[in-house]
Amino acid sequence: MAGELTMNFLTIQTHVLRNLGNRQLGGDTSITTLVKEWINSCYVDLVTTGKFPELNRFAPIPVPTLEGKDTFLTGIGIDYYSYPVDGLTITALIDTTNDNPLIQRDMATLQKNKSTQRGKPRFYATYGNKIYVDPTPDSAVYSITRLYRKKVTDAVLVNDTDIPIIGVEWHEAIEIGATYRGKRSLGDPTMEKWLADLKAYIVSHSEQQTEEEEDHDDGFSVIL
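Everything numeric in this text was worked out from a predicted model, so none of it was measured.

Enquirer: Which residues make up the environment of Asp-99, and what are the values?
Expert: Secondary-structure assignment places Asp-99 in the loop between strand 3 (87-95) and strand 4 (100-101). Sequence-wise, Asp-99 and Ser-143 are 44 residues apart; in three dimensions their C-alpha atoms are separated by 9.7 Å.

Enquirer: Break down the sheet that holds strand 7 (residues 130-134) for me, citing the residues and quoting the values.
Expert: Taken in spatial order, the four strands make up an open sheet running 2-7-6-5, and their pairing is mixed. Of all the strands in the sheet, just strand 2 (80-82) and strand 5 (103-104) have a single pairing partner and so form its edges. Sheet topology note: the strand 5/strand 6 (residues 123-127) ladder contains two bridges and is parallel. Its bridge partner being in strand 6, Ile-103 is matched across the sheet by Phe-123.

Enquirer: So what's going on with the packing of aromatic side chains? Which residues, and what values?
Expert: Applying the stated criterion across every chain yields a total of two aromatic pairs. Measuring from ring centre to ring centre gives 6.0 Å for Tyr-80 and Tyr-132, while their planes differ by 40 degrees; the resulting arrangement is tilted. Here Tyr-80 is found in strand 2, whereas its partner Tyr-132 is found in strand 7, with 52 residues between them in sequence. Tyr-80 gets classed as partly exposed once you look at its relative accessible area, which sits at 45%. Taking NZ or CZ as reference, Arg-105 lies 3.8 Å from the ring centre of Phe-123, over its face. Against the face of Trp-194 rests Lys-193, its NZ or CZ located 4.9 Å from the ring centre.

Enquirer: Account for the pattern of salt bridges, with residues named and values stated.
Expert: One pass over the structure, following the stated rule, counts eight salt bridges. A salt bridge links Asp-134 to Lys-114; the shortest N-O distance between them is 3.6 Å. Of this pair, Asp-134 sits in strand 7 while Lys-114 sits in the loop between helix 3 (107-112) and strand 6, and the two are 20 residues apart along the sequence. Given the relative accessible area of 2%, Asp-134 is considered buried. As a salt-bridge pair, Lys-183 and Asp-188 come within 3.3 Å of each other at their nearest N and O atoms. Through salt bridges with shared partners, a single ionic network connects Asp-79, Lys-114 and Asp-134.

Enquirer: Can you lay out the environment of Ile-144 for me, pointing to particular residues and giving the numbers?
Expert: By the secondary structure assignment, Ile-144 is in strand 8 (residues 143-150). Here the alpha-carbon distance between Ile-144 and Leu-73, two residues 71 residues apart in the chain, equals 6.1 Å. With residues near it in sequence (within four places) discarded, Ile-144 still touches Asp-70, Thr-71, Phe-72, Thr-74, Leu-93, Ile-94, Asp-95 and Thr-96.

Enquirer: Give a description of helix 4 (residues 171-186) that names residues and reports values.
Expert: Side chains three or four residues apart in an α-helix point the same way, a direct result of the helix having 3.6 residues per turn. The end-to-end C-alpha distance of helix 4 is 23 Å, a good match for the 22 Å that 16 residues give at a rise of 1.5 Å each. Burial analysis of helix 4 places 13 of its 16 residues in the buried class, which makes it a mostly covered element. Phi turns positive one or two residues past the end of helix 4, at Gly-187, with a value near 70 degrees.

Enquirer: Run through the packing of helix 2 (residues 31-48) against helix 4, naming residues and quoting values.
Expert: The N-to-C vectors of helix 2 and helix 4 enclose an angle of 125 degrees; their axes lie 8 Å apart at closest approach. Relative to helix 4, the element helix 2 is oriented oblique. For the pair helix 2 and helix 4, the sense of crossing is right-handed. Across the interface between the two elements, Ile-31, Trp-38, Ile-39, Ser-41, Cys-42, Tyr-43, Asp-45 and Leu-46 from helix 2 touch Ala-173, Ile-174, Gly-177, Ala-178, Arg-181, Gly-182, Ser-185 and Leu-186 from helix 4. Here the contact of helix 2 with helix 4 is composed, by residue class, of 10 nonpolar, four polar and two charged.

Enquirer: Pulling in residues and values, what's your account of the pairing of strand 6?
Expert: Considered for its hand, the β-α-β crossover made up of strand 5, helix 3 and strand 6 is right-handed. Looking at chain direction, strand 6 and strand 7 are connected through five bridges and run antiparallel. Each bridged residue has a counterpart across the sheet, and for Tyr-124 the counterpart in strand 7 is Val-133. The loop that links strand 6 with its antiparallel partner strand 7 comprises two residues; one of these, Gly-128, has a positive phi angle of about 65 degrees.

Conventions used here
- Residues numbered from 1 in each chain as written.
- Predicted model: local features only at pLDDT ≥ 70, side-chain atom pairs only at ≥ 80, totals over all residues.
- Heavy atoms only, no water.
- Helix = DSSP H or I, 4+ residues; strand = E, 2+ residues; numbered from the N terminus.
- Pairing = 2+ DSSP bridges.
- Phe/Tyr/Trp six-rings, centres within 6.5 Å; stacked < 30°, edge-to-face > 60°.
- Buried < 20%, exposed > 50% of the residue type's maximum accessible area, 1.4 Å probe, protein only.
- Lys NZ or Arg CZ within 6 Å of the ring centre and 35° of its normal.
- Salt bridge = Lys/Arg side-chain N within 4 Å of Asp/Glu carboxyl O.
- Contact = heavy atoms within 4.5 Å.
- Expected span 1.5 Å × (residues − 1).
- Axes fitted to C-alpha atoms, helices over the stretch in contact; angles between N-to-C directions.
- Parallel < 35°, antiparallel > 145°, perpendicular 65-115°, else oblique.
- Left-handed = near helix turned anticlockwise from the far one by under 90°.
- Nonpolar A, V, L, I, M, F, W, Y, C, P; charged D, E, K, R; others polar.
- Right-handed = clockwise from strand over helix to strand, strands pointing away.

Right, dumping it as structure tokens:
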């Protein structure tokens, strides 16, 4: 596999084709066309989603050009707020009035444990295009800094010279992920090895958890 070197679209295609044994398909479908689809599906998941399909939990990887930040003020008795106009996913909320990061919960947990008293927000959950906080803000006004992943419209590699916008350390993850998806689609018995390699690569390069690690984690994670 390639080291942590910058790879353009053509280089990734060449590596994935090699990993697939440079095999050819019968009929009218070109293996190269499929390889491009497998590469871009993996690339899009890495860039745009907070959930990577092959992992139970996946925190968005850093993409400087896609990192957004803004601030909003809470209103008395208002427990939900809109997403940023250009926001795709919320990565963190920080109560800058009290220098306190809010803890993320899933919506069901937030509702189940919702405080009956108003106060300074300590938890949040996202649902649809809204951000819900708990406790419901009291008469004080809290300044909340919102960190988020921006929406993208060009997260697809088209030309051979195109270079992924994610950091160079993630280029190999595209190769491994596309190889796994290719082997899975082709019914290759070695696909599980590539899936294991993908999980190991992602976990070793970020604050991610595999399903096995999560099963043995007795602590509290902010990614729920």
